[in-house]
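As a plain string of letters, each chain reads:
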Amino acid sequence: MDQLQCLVPKPNSFNNTTAQYRQASHHLQLCPFSEEIVFNNSQLLPVTHTYTRAMRLDYSVEKPLNREPPIKDLVGTFITKASTAYDRNHGPLPHINGETFLLHISGAISKPIELSIATLRNSFPQHEVIAALQCAGNRRHTMRTKVKEVDGLDWNDGAVCNCTWRGPLLSDILVLADLTIPAESGHVHFNCFQTDVQDDDYYGSSIPLSRCLDKSKQVILALDMNGTELTINHGFPLRVVIPGVAGARWTKWLDKITVEARESENFYMQRDYKILPPCVVTKEQASEYWPKVPAIQGMPINSIVAYPEHGTTISADIHGGLEVCGYALPQEDAGPVVKVEVSSNLGETWSEAEIVFPAKKELETEEGREKYKWAWVIWKYKMPKHQVQKITKETKIWSRAMDFGGNRQDGTIPWNYRGVAYNAYGETEGLQVFGLEKIVNGVGGLKL
């Protein structure tokens, strides 16, 4: 089992047509891979550039692409392949010409700028970060079936991926724009006007400006995913990567950034992706609470049991043991995950699992802890024969994780109307286990 085969004004009247101002020259004169970056012609002029959108679209607003991979495929590798990674969309996928594409940056800055993909790639230091991208609704199906009905797509445990992202630090770019607002009171808006969406005129998100300026948070404008150019599905030619923060804030096909005094007013910041109180059980009640509840930013600690899958028939190994495995995620910036435990007796006792990826030796070093701060871990537990013999269809096998910051899944079973940020114990049940003698009859033998 080497690889475990086991709430704010809308952006300045940009609105799909024309920006009010641009730089006389959007080109930058830079000393490649240095801190010395100088603007040419910094005087602001009335805009002459007409904003254009992608001409070819895949899928539709009515039927956007939303999919998750089989869970065994997902945990089979530490770095998730782009073809395996889940898809979450609120509208069509735009085909964008990367050679003519421009990123517009404006708002509370004295030097609004436009940057081409070539400039972003060649004129700024490139940074790489390993970070898990997780939909806020990951594990919604469990909340829906274990607690009560929720409003949202029926995600199982696969609306997450762990990838390597590469591009310039956003902080390097914002410094050039000459901010006119204090870091502690500003917000950075990430907008996509390239495609229609279901609930607004564009897709928008925002995070605090202070996070964007903090180099240690590694907020990057990603050009590459797993060492190759972003795919259309995952945001080509540009997306923002915000390690530790919910995927809803990682805007794809990012074409406009604005710095503002307040949070984005976009639908997906103000009327979605929030943990509403349990008293909210209808859309009408939600309308009252949307403005009272903060938007999700950081995601909670989490873990799931990927194998054995719920309701399957499996076989014990030659020694009567059973391999259990899954993934675990740290809370926001408190990673990496340092321990995963498994229980088959409703939490009466817990046994420590082995963290397979990354290697335990790496996680014990300061360098390794920083490298994998926002990554998931892949874990496995060899359940001994005496525990396996007690498994019935009613047995629940649980997992719980603990991260470097001391956060631990505590068994709380949260519920909220939109079914977001679910992090009860990982769980599988309904299993039927056969011993080695049954394999010759073709029963069981399921292994990752």
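(A) Structural detail: the confidence of the model for the chain. Looking at the chain as a whole, its pLDDT mean stands at 87, while 85% of the residues score no less than 70. Low pLDDT (under 50) marks residues 1–50, which in the prediction has 131 contacts with non-local residues, meaning those over four places away or in another chain. In this model, residues 436–448 is a region of pLDDT below 50 whose contacts with residues beyond four sequence positions or in other chains number 29 contacts.

(B) Geometry of the packing of aromatic side chains. Under the counting rule described, the total for this entry stands at ten aromatic pairs. Measuring from centroid to centroid gives 4.8 Å for Tyr203 and Tyr268, while their planes differ by 25°, and the two rings are stacked. Of the two residues, Tyr203 is situated in strand β12 (residues 203–208) and Tyr268 in helix α6 (residues 267–270); the sequence distance between them amounts to 65 residues. For the pair Tyr203 and Tyr268, a shared accessibility class is recorded, and that class is buried. Centre to centre, the rings of Tyr327 and Trp376 are 5.2 Å apart; their planes meet at 25°, and the pair counts as stacked. On the criterion of sequence distance, the pair formed by Tyr327 in strand β20 (residues 322–329) and Trp376 in the loop between α9 (366–371) and β24 (377–383) is long-range, its members being 49 residues apart. Three or more aromatic residues link up through ring pairs in this structure, and these residues are Tyr203, Phe267 and Tyr268. In this arrangement the basic side chain of Lys148 is found over the ring face of Trp415, its NZ or CZ atom lying 4.2 Å from the centre. One residue, Arg400, lies across the ring of Trp350, its end atom 4.1 Å from the ring centre.

The rules behind each value
Residues numbered from 1 in each chain as written. Predicted model: local features only at pLDDT ≥ 70, side-chain atom pairs only at ≥ 80, totals over all residues. Heavy atoms only, no water. pLDDT = per-residue confidence, 0-100. Contact = heavy atoms within 4.5 Å. Phe/Tyr/Trp six-rings, centres within 6.5 Å; stacked < 30°, edge-to-face > 60°. Helix = DSSP H or I, 4+ residues; strand = E, 2+ residues; numbered from the N terminus. Buried < 20%, exposed > 50% of the residue type's maximum accessible area, 1.4 Å probe, protein only. Lys NZ or Arg CZ within 6 Å of the ring centre and 35° of its normal.

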